[in-house]
Amino acid sequence: MTTTLSPTPRTTIGRGRNRAVEDRAALHALLDDALVAHLGVVVGEHPLVLPVAFGVDLDGPDRDGTLYVHGSVAAGWLRGSEGATVCVTLTELDGLVAGRSAFHHSMNYRSAVVIGAARVVHDAAERARALDLIVDHMFPGRAATLRASTRKELAATAVLAVPLHEASMKARAGGPGDEPEDVAAGTWGGHVPVTRVLGAPVPDAAALAEVPADVVRTAGTVGSRNG
């Protein structure tokens, strides 16, 4: 397993190297925190970037682990991804930075770029595990409480796997990097932390049972998915 990030030229950070993160464990933490990824693929003659739910298997069959997304078997973007090089990005906003000049306004964030050859998962066992991982990424432990997917549901769903080997990450934290003369002028500078807050579960009209433990645990996780 590769322990450092940016193992190839196309994921080696050029500008802003002071914000580069080289520890692969930081990528794993970001993957754990983030709920939405964006997958970029060329479809026909134009690029397409789509928000996707995802799951991660750090011990998956691909080098340095596997990121999974799913979609309809009829989706053109998914069919166009098979065997193609795709780009998956993740961003978590951790704060808004108020500088003493427009130039030094910024954001605190953690972001990652993963590039790799995508493959459609055909193995039944791997596909079932991937779909469970995607559910459990939203509600940890929920997949084990659900009925098995029907053959019709599985036939309508495709799973795409992207290796985590080729990746880079950047992060920013703290206040603005203002010019000394702007600080001396007395204008306020600082940052406003941003956290995700999950509300209380809202049952639908047909819900008769108590809110299950996996949903209660997820709803009780206030702000822990953000740094």
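These numbers come from a predicted model, not from an experiment.

> Can you tell me about the overall build of the protein, naming the residues and giving the values?
Each helix and strand in the protein was counted, giving six helices and 11 strands. C-alpha atoms of the protein, sized along the principal axes, occupy 70 × 45 × 35 Å. Counting the 227 residues in the protein, one finds 38% classified as buried. Only carbon and sulfur atoms are counted for the fraction: they give 59% of the accessible area of the protein, which is about 12600 Å². With 21 positive and 25 negative side-chain charges, the protein shows a separation of 3 Å between the mean positions of the two kinds.

> Give a detailed account of the nonpolar core, specifying residues and quantitative values.
The nonpolar side chains of a soluble globular protein tend to be buried with one another. Core analysis: the largest hydrophobic core is formed by 30 residues, its most contacted members being Leu 31, Leu 39, Phe 54, Val 69, Trp 77 and Leu 90. Looking at this core, the elements that each hand over two or more residues are helix H1 (24–33), strand S2 (37–43), strand S5 (66–72), helix H2 (76–81), strand S6 (85–98), strand S7 (106–117), strand S9 (157–163) and strand S10 (167–172). Dropping the residues within four chain positions of it, Val 69 is found in contact with Leu 39, Val 52, Ala 53, Phe 54, Trp 77, Ile 134, Ala 158, Val 159 and Leu 160.

> Residue-level account of the pairing of S10, with values.
Note: strand S1 (residues 20–21) against S10, two bridges, orientation antiparallel. Each residue of the ladder has a partner; that of Val 21, found in S10, is Met 169. Pairing of S7 with S10 involves six bridges; the strand directions are antiparallel. Within the sheet, the bridge partner assigned to Ser 111 lies in S10 and is Lys 170.

> Residue-level account of the layout of surface pockets, with values.
A water-sized probe, rolled over the atoms, reveals where empty space remains. Volume-wise, the largest pocket comes out at about 380 Å³. The wall of the largest pocket is formed by 17 residues, among which Ala 128, Leu 131, Asp 132, Ser 149 and Leu 154 lie closest to the centre. Among the secondary structure elements, those contributing two or more residues to the lining of the largest pocket are helix H3 (124–138) and helix H4 (151–156). Classifying every residue of the lining of the largest pocket gives 10 nonpolar, three polar and four charged.

> Account for the packing of aromatic side chains, with residues named and values stated.
Across all of its chains, the model carries zero aromatic pairs by this definition. We note Arg 142 situated over the ring of Phe 139; from NZ or CZ to the ring centre the distance is 5.9 Å.

> Quick one: what's the story with the sheet that holds strand S4 (residues 55–57), residue by residue and with numbers?
Taken in spatial order, the four strands of this open sheet run S4-S5-S9-S8, and their pairing is antiparallel. With one partner strand each, in any of the chains shown, S4 and strand S8 (119–120) form the two edges of the open sheet. For S5 and S9, the ladder comprises seven bridges, and the chain directions are antiparallel. Paired with Gly 71 across the bridge in S9 is Ala 158.

> An account of a nonpolar patch on the surface is needed here, citing residue identities and associated values.
A cluster of nonpolar residues, Leu 93, Leu 96, Met 107 and Val 192, forms a patch on the protein surface that exposes about 330 Å² of accessible area. For Val 192, the position within the fold is in strand S11 (residues 190–193).

> Please give an account of the pattern of salt bridges that cites residues and values.
All chains considered together, the criterion is met by 11 salt bridges. Its salt-bridge partner being Asp 94, residue Arg 110 comes within 2.8 Å of it at the nearest N-O pair. Pair noted here: Arg 110 is in strand S7 and Asp 94 is in strand S6, with a separation of 16 residues, a long-range link. One exposure class covers both Arg 110 and Asp 94, and it is buried. Among the charged side chains, a salt-bridge network with shared partners connects Asp 33, Asp 94 and Arg 110.

Calculation rules
Residues numbered from 1 in each chain as written. Predicted model: local features only at pLDDT ≥ 70, side-chain atom pairs only at ≥ 80, totals over all residues. Heavy atoms only, no water. Helix = DSSP H or I, 4+ residues; strand = E, 2+ residues; numbered from the N terminus. Buried < 20%, exposed > 50% of the residue type's maximum accessible area, 1.4 Å probe, protein only. Areas by Shrake-Rupley, 256 points an atom, 1.4 Å probe, with all protein chains shown as cover. Lys, Arg positive; Asp, Glu negative; His and termini not counted. Charge placed at Lys NZ, Arg CZ, Asp CG, Glu CD. Core = buried A, V, L, I, M, F, W, Y, C linked by side-chain atoms within 4.5 Å. Contact = heavy atoms within 4.5 Å. Pairing = 2+ DSSP bridges. 1 Å grid on protein atoms, 1.4 Å probe; cavity = no way out; pocket = protein on both sides within 12 Å on 5 of 7 lines; lining within 4 Å. Points joined across faces, edges and corners; volume = space filled by probe spheres on them. Nonpolar A, V, L, I, M, F, W, Y, C, P; charged D, E, K, R; others polar. Phe/Tyr/Trp six-rings, centres within 6.5 Å; stacked < 30°, edge-to-face > 60°. Lys NZ or Arg CZ within 6 Å of the ring centre and 35° of its normal. Patch = residues over 30% accessible without salt bridge, like charges linked within 9 Å, V, L, I, M, F, W, Y side chains within 5 Å. Salt bridge = Lys/Arg side-chain N within 4 Å of Asp/Glu carboxyl O.

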